Structure formats: structure tokens, C-alpha cells
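Residue-level structure breakdown
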Amino acid sequence: MAKTKELSKDTRNKIVDLHQAGKTESAIGKQLGLKKSTVGAIIGKWKTYKTTDNLSRSGAPRKISPRGVKMITRTVSKNPRTTRGDLVNDLQRAETKVTKPTISNTLRHQGLKSCSARRFPLLKPVHVQARQKFAREHLDDPEEDWENVIWSDETKIELFGKNSTRHVWRTNNAELHPKNTIPTVKLGGGNIMLWGCFCAKGPGRLICVKERMNGAMYREILSENLLPSARALKMKRGWVFQHDNGPKHIARATKECFSKKHFKVLEWPSQSPDLNPIEHLWRELKVRVAQQQPQNITALEKICKEEWAKIPATVCENLVKTYRNRLTSVIANKGYITKY
């Protein structure tokens, strides 16, 4: 049987008005060109519910009872790594048979969705406490203090690898055309290790580390590049240097080197990449390099240095200007890793 067209709200209201005026269902049907049964249904709903609006439809009964919904919601809240198969088995033991898509839809209605777990540094209680302490101690520092910090870090960039992920516009069956592909080789085709620094005024020097970095090499890099960067960036007297707590950074010889040269070093909480704004610059650099598609290590190093120098000073300035937001986020997240 074909589905009949739903009456408009005006027509339904008119039926009720004519009924209240004393007309019979047959008379109303003839006047409006409707079946008597249709008129009777509208009047009957109005008498029962005192409205002519459409009522919510129940639809198919839910596969999972409210109690079952609470059970699986509580399970994934306690252990977010629970699989849909585990939940299917849990419900089956409770004599409720459902499929994995039903689990997904039910949890989605509860505001939960399946996402890839992000990889973050492992935080022990001592790390969490140190991060909270750092954030609270520096939360009210004036913006000028952060403008007088030189931020530094190391990063690795692969020639062909995850850094080279790109989207392309193509037609069907053209996915293997050379212009629509990114070349890959075993082990990523090689990579380079970079050391760099920046401040609110712009990027400092970027150095390619040719060998495995140890304490002696790190001190040599600082000796040859930190002061020249500070001079080029026109840092104010009393500027502060930031680096993380890697073994080569906190070695006794490195600390003695800083002491002899009277460098001020920012006390840093371990396992805190989200507190270092240079992470955003590394991301910016990797995107820029991927767009250039270098084909060998020599070209990769050259392009890295060129693109690093092109990063606008306004980007660096904004990262430092909004630094207080990072501290606020750490405090709000009770010392745990935040987005960065």
C-alpha cells in the first residue's frame, strides 16, 4: 500500500476547529475532501493528547536495554582500551545478542567514539608533580620574561616517511601514477637529526647533527651556535636558555660549561614536550619540507635550513605571546600532557 501524504498542521487544526463548532466527522471530511477515518483519527488524537502536533515515534525497539547501556558505558569509562568484541561478549553473557556496529552506535549516543590513542611521554607521579609546580610558579610571569627566553630542542626528519604524507587530487584507477604517489624505501631512506633554537623575535640557528650526539658534541653545538643566535636575535641582557632534561643536557660537564659562561638556564620539568613551543616550529618545518619533496639527504638538509629561515617572526612571536595558555592547560589537566 502506498504511503499517504501527511496532513499539514493547518489542516489538522482546521479539523479540530470544525469539530468544536459542532460539525460531524462526515461533514468535515466532505468539506475538506478527506476520508472520514482520517478526520476521526485527528479528532481522536486531539481528545487524547490535546494537541495536533506529530508525536514522537518509537521506532524499532532498542537492542540493548538501558541497564546494558549503563554497563558497557561504565566498562569503557574504566578501561578505554576495551574492544567492541569484548563488549559483545559481555552482553552475550547477560543474554543480549548484538553486533559490533550496534555497540559503536550505542556508545556514540553516549558521547563516546572510537579514536586512535595518541602517543605521549610516560608520566610518573614525580613528573606530574614537577609539571604542576612549574606551571603554578610561572603562571603569573609577565609576557616580557618569556620574550627573553631562547627555546631549543632536537628533532629527526626522515627523507621518505610519515613526514611526507600528502593528499592528492586524482581520478579513479590513477592511484599508482607517479605524480600521485610518494616514493618510499626501506627504513625511510635515511634521516637527519637537527638542533635548533628560537625566541619571540624569530628562529635562531639550525644545525644538522652529523653523528650520534653525545655530551661533548652537544656542548660544541652550544659553544658555536647559542651565542651567535642570541646576538643575531638581539636578546636583552640576562636572557634565559631553555632545553629539556636529556642526559647530555644535564651532564655535569654541561652544567659546568653554563656556569663558566654565566648562562641562565630555565629549570625544566622532565617529560614536558607540550610546554616547549618549539614543537610547533618543528611541525611547521616538517610540513614545509614535505611540500618540497627532497630526493636525497643532501637536498633534505639544504631544504630544512632554507625553510627554517623562512618561518615568519610573527609565528614565533605568537607562540611566546600565548605561552601562559600552556601553563593554564597543564594546571587544568592536573599535570598531565595537554595538546601541543
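Conventions used here
Residues numbered from 1 in each chain as written. Predicted model: local features only at pLDDT ≥ 70, side-chain atom pairs only at ≥ 80, totals over all residues. Heavy atoms only, no water. Axes fitted to C-alpha atoms, helices over the stretch in contact; angles between N-to-C directions. Helix = DSSP H or I, 4+ residues; strand = E, 2+ residues; numbered from the N terminus. Left-handed = near helix turned anticlockwise from the far one by under 90°. Contact = heavy atoms within 4.5 Å. Nonpolar A, V, L, I, M, F, W, Y, C, P; charged D, E, K, R; others polar. Pairing = 2+ DSSP bridges. Expected span 1.5 Å × (residues − 1). Bend = angle between axes of the 7 residues up to and from the residue. Buried < 20%, exposed > 50% of the residue type's maximum accessible area, 1.4 Å probe, protein only. Polar contact = N/O pair within 3.5 Å; in protein donor to acceptor, adjacent residues only side chain to side chain. Phe/Tyr/Trp six-rings, centres within 6.5 Å; stacked < 30°, edge-to-face > 60°. Lys NZ or Arg CZ within 6 Å of the ring centre and 35° of its normal. Core = buried A, V, L, I, M, F, W, Y, C linked by side-chain atoms within 4.5 Å. Salt bridge = Lys/Arg side-chain N within 4 Å of Asp/Glu carboxyl O.

Under an unreviewed UniProt entry, the name given to the protein chain is Transposase, and the organism recorded is Oncorhynchus kisutch.

1. Focus on the packing of helix H4 (residues 66–78) against helix H5 (residues 84–93)
Close contact between H4 and H5 brings their axes to 11 Å; oriented N to C, the two are set at 140°. Between H4 and H5 lies a crossing of right-handed hand. Two secondary-structure elements touch here, H4 through Gly68, Met71, Ile72, Thr75 and Val76 and H5 through Leu87, Asp90 and Leu91. In the contact of H4 with H5, the residues fall into five nonpolar, two polar and one charged.

2. Focus on the sheet that holds strand S2 (residues 191–199)
On the basis of which strands lie adjacent, the open sheet formed by five strands has the order S3-S2-S1-S4-S5 and mixed pairing. Because the sheet does not close on itself, it has two edges, and the strands there are strand S3 (202–209) and strand S5 (264–265). With two bridges connecting them, strand S4 (residues 240–242) and S5 associate as parallel partners. Looking across to S5, one finds that Val240 is bridged to Lys264. Packing against the sheet, helix H9 (residues 215–232) makes contact with strand S1 (149–158), S2, S3 and S4, and its axis sits at approximately 155° to S3. Sitting on the sheet, helix H13 (residues 313–321) touches S1, S2 and S3, and the angle it makes with S2 is about 70°.

3. Let's talk about H9
Over its 18 residues, H9 runs 25 Å from end to end, which matches the ideal 26 Å to within 8%, given 1.5 Å per residue. Of all bends in H9, the biggest is about 30°, found at Leu222. Here H9 has its buried residues at Gly215, Met217, Tyr218, Ile221, Leu222, Asn225, Leu226, Ser229 and Ala230. Of the surrounding elements, those touching the buried residues of H9 are S1, S2, S3, S4 and helix H10 (252–260). With a side-chain oxygen lying 3.3 Å from the backbone nitrogen of Ala216, the N-terminal cap of H9 falls on Asn214. A positive phi of about 55° marks Lys234, the residue just after H9.

4. Structural notes on the packing of aromatic side chains
For the structure on display, the rule yields nine aromatic pairs. For the ring pair Trp239 and Phe263, a centre distance of 5.5 Å and an interplane angle of 45° mean the geometry is tilted. On the criterion of sequence distance, the pair formed by Trp239 in the loop between H9 and S4 and Phe263 in the loop between H10 and S5 is long-range, its members being 24 residues apart. For Phe263, a relative accessible area of 17% corresponds to the buried category. The structure contains a cluster of three or more aromatic residues connected by ring pairs, namely Phe134, Trp146, Trp151, Trp268 and Tyr323. Lying over the aromatic face of Trp46, Lys50 brings its terminal NZ or CZ to 5.0 Å of the ring centre.

5. Structural notes on the nonpolar core
Of all hydrophobic cores here, the largest spans 35 residues; its most connected members are Trp146 and Trp151. Counting only elements with at least two residues in this core, the list comes to helix H7 (125–138), S1, S2, S3, helix H11 (278–292), helix H12 (297–310), H13 and helix H14 (323–332). The biggest single contributor to this core is H11, with five residues. Listed in part, the 18 residues of the second largest apolar core include Val209, Leu233, Met235 and Phe263.

6. Quick notes on the side chain of Thr73
The topology assignment puts Thr73 in helix H4. Not counting residues within four places of it along the chain, the set of residues in contact with Thr73 comprises Leu107, Gln110 and Leu112.

7. Re the environment of Gly111
Along the chain, Gly111 falls in the loop between helix H6 (100–109) and H7. Separated by 38 residues in the primary sequence, Gly111 and Thr73 have C-alpha atoms spaced 9.8 Å apart.

8. Quick notes on the pairing of S3
Two elements, S2 and S3, share six bridges in a ladder whose sense is antiparallel. From the neighbouring strand, Trp195 faces S3, where its bridge partner is Ile207. In textbook terms, the turn of a hairpin is the stretch between consecutive antiparallel strands, and for S2 and S3 this stretch comprises two residues.

9. So, the pattern of salt bridges
The full count for this structure, using the stated rule, is 12 salt bridges. The salt bridge involving Arg288 is made with Glu284; its shortest N-O contact spans 3.0 Å. Residue Arg288 and its partner Glu284 are located together in helix H11, separated by four residues, close to a single helical turn. Relative accessible area serves as the criterion here: at 18%, Arg288 is assigned to the buried category. What makes Glu284 partly exposed here is its relative accessible area of 29%. The closest approach of N and O atoms between Lys305 and Glu301, which form a salt bridge, is 3.5 Å. One end of the pair, Lys305, and the other, Glu301, are both in helix H12, four residues apart, so they sit about a helical turn from each other.

10. Notes on the pairing of S1
Among the 10 residues of S1, eight are classified as buried, and the element is accordingly described as predominantly covered. Relative to S4, S1 runs parallel, the two being bridged by three bridges. Bridge pairing links Ile150 to Phe241 in S4. Where S1 and S2 come together, eight bridges link them in antiparallel fashion. By the bridge assignment, Ser152 is partnered in S2 with Cys197.

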